[in-house]
Amino acid sequence: MKIFILDTPEFKIDGGAYFGVVPKIIWQKKYPCDENNMCPAACRSILVDRGDRVVLFDTGIGEKPEEETNDLYFTDYSQNLKENLKKIGYLPEQITDVVLTHLHFDHCGGNTIIDKKSGKRIIAFPNAKYYVSKDQFQNAIKPNYRERSSFLPENWDIIEKENALIIVEKDFFLCPEIELKLFYGHTPGLMLPIIRTNNKTIFFTGDLIPARASIPLAWISAYDLFPLTSIEEKQEILNQAADENWLLVFQHDYFCEACYVEKTERGVRAKEAIKFSDIKL
Ligand SMILES: [Zn+2]
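Residues numbered from 1 in each chain as written. Predicted model: local features only at pLDDT ≥ 70, side-chain atom pairs only at ≥ 80, totals over all residues. Heavy atoms only, no water.

## Some thoughts on the pairing of strand β4 (residues 44-49)
- Of all six residues making up β4, six are buried, and the element is well covered by its neighbours.
- Every second residue of β4 is oriented toward a common face, with R44, I46 and V48 on one face and S45, L47 and D49 on the other, all of them buried.
- Where strand β1 (residues 2-7) lies against β4, six bridges are found, and the strand directions are antiparallel. Residue L6 lies in a different strand from β4, and its bridge partner there is S45.
- Where β4 meets strand β5 (residues 54-57), four bridges bridge the pair, whose relative direction is antiparallel. Directly across from D49, in β5, lies its bridge partner V54.
- Linking two consecutive strands that pair antiparallel, namely β4 and β5, is a turn of four residues; a positive phi of about 95° is found at G51 within it. (Buried < 20%, exposed > 50% of the residue type's maximum accessible area, 1.4 Å probe, protein only. Helix = DSSP H or I, 4+ residues; strand = E, 2+ residues; numbered from the N terminus. Pairing = 2+ DSSP bridges.)

## Some points on the sheet that holds strand β10 (residues 165-168)
- Spatial ordering of the open sheet is given by β1-β4-β5-β6-β9-β10, a layout of six strands whose pairing is mixed. Two strands close off the open sheet at either side, each with one partner strand: β1 and β10. With strand direction ignored, the average angle separating the axes of adjacent strands in the sheet is 20°.
- Pairing analysis gives three bridges linking β5 to strand β6 (residues 97-99), with the strands arranged parallel. By the bridge assignment for β6, F57 is matched with V99.
- Seen against the sheet, helix α6 (residues 134-141) touches β9 (129-133) and β10 and runs at an angle of roughly 85° to β9. (Axes fitted to C-alpha atoms, helices over the stretch in contact; angles between N-to-C directions. Contact = heavy atoms within 4.5 Å.)

## Thoughts on α6
- By the burial criterion, the buried members of α6 are Q136, F137, N139 and A140. Axial view of α6: buried residues confined to an arc of 165°, hence all on one face.
- Summarising the contacts, the buried residues of α6 are in contact with β9, α7 (157-161) and β10. (Arc of directions from axis to C-beta.)

## A word on the sheet that holds strand β11 (residues 172-175)
- Taking strand neighbours across the sheet as the criterion, the seven strands line up as β11-β12-β13-β14-β15-β16-β17 in an open arrangement whose pairing is mixed. Unpaired on one side and paired on the other, β11 and β17 (267-270) mark the two borders of the sheet. Within this sheet the neighbouring strands show an average axis-to-axis angle of 30°, counted without direction.
- Here strand β15 (residues 247-249) pairs with strand β16 (residues 258-264) via three bridges, running antiparallel. Opposite V249, over in β16, you have A258 as the bridge partner.
- The strands touched by helix α8 (residues 227-243) within the sheet are β12 (178-183), β13 (190-196), β14 (201-204), β15, β16 and β17, with β16 carrying the most contacts at an inclination of about 95°.

## With respect to the packing of aromatic side chains
- Scanning all chains against the criterion turns up twelve aromatic pairs.
- The interplanar angle of 70° and the centroid separation of 5.9 Å between the aromatic rings of F4 and Y90 together place this pair among those described as edge-to-face. Placement of the pair is F4 in strand β1 and Y90 in the loop between α4 (81-87) and β6, with a sequence separation of 86 residues.
- F4 sits in the partly exposed class, given a relative accessible area of 21%. (Phe/Tyr/Trp six-rings, centres within 6.5 Å; stacked < 30°, edge-to-face > 60°.)

## Focus: α8
- For α8, built from 17 residues, the straight-helix expectation of 24 Å at 1.5 Å per residue is met to within 8% by its first-to-last C-alpha distance of 24 Å.
- All buried positions along α8 are accounted for by S230, E233, K234, I237, L238, A241 and A242. Taken down its axis, α8 places every buried residue within 155° of arc, on the same side. Facing away from the buried surface of α8 by more than 90 degrees, the exposed residues are L228, E232, E236 and D243.
- Here the buried face of α8 lies against β12, β13, β14, β15, β16 and β17.
- Positive phi appears at N245, one or two residues downstream of α8, with a value of about 55°. (Expected span 1.5 Å × (residues − 1).)

## Observations concerning unusual backbone geometry
- The backbone of N37 shows a phi angle near 75°, a positive value even though the residue is not glycine.
- Its location among the elements puts N37 in the loop between α2 (24-30) and β3 (38-41).
- The phi angle at D58 is positive, at roughly 70°, despite the residue not being glycine.
- Tracing the sequence through the fold places D58 in the loop between β5 and α3 (67-73).
- Classification of D58 as buried rests on a relative accessible area of 0%.

Put into structure tokens, the structure is as follows:
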């Protein structure tokens, strides 16, 4: 089984929103920001090739920039999912499964692309089934006031129309090595993978733990709809990660791709930052 991290367009997040109630004098020691209080954010996808299936987790902001998104989030398009796939030897047609952790615009914007010839929007991974949780999908098509600007129907409408969207009702195994688990603090039905190789367990932390600095329980993003639920979910998964020596891979941490965690007197804490490509899987 081969596993790769893929960068997609990066952006910036307001530091206050990123770290919620944690004061800036504390978070800025762990995660730097610019003069506008904006923190750089990576937007990573993961690719798992198990031979018979090539599974992609999330598709980033995508290639069809919205002006509003650019102005608010300083999106940097120098990383491109399709080009980064090509660099590791894959074409979009080879992807068999796209797992969407959730439908916020920075996680599923690459689901569709504009066809250069026709100018029409088409499915970016034409041979893939796209998976999303039922709770997340229902939440996205009938959005609440707080999240509604994060949901863009163009990221899923043609996929649904062409019957390529698979709705997931509960935790399940996509294949023996990939467990998908649902969470409800950030947004209803956030679906995150636990990937087991012969000698490693990898947890793609998505928006549950967006950065290494977000590991302490009170460091909850202001974007989370239900912070107390996030705290409970983080506590449970981090305890398991520490007990079973899981590798955490961060989707949004600009400065750190991955780390292990350990139990301390103050709770579960991060070990040193690791580059994913340095790890023997
Ligand atoms: Zn999100």
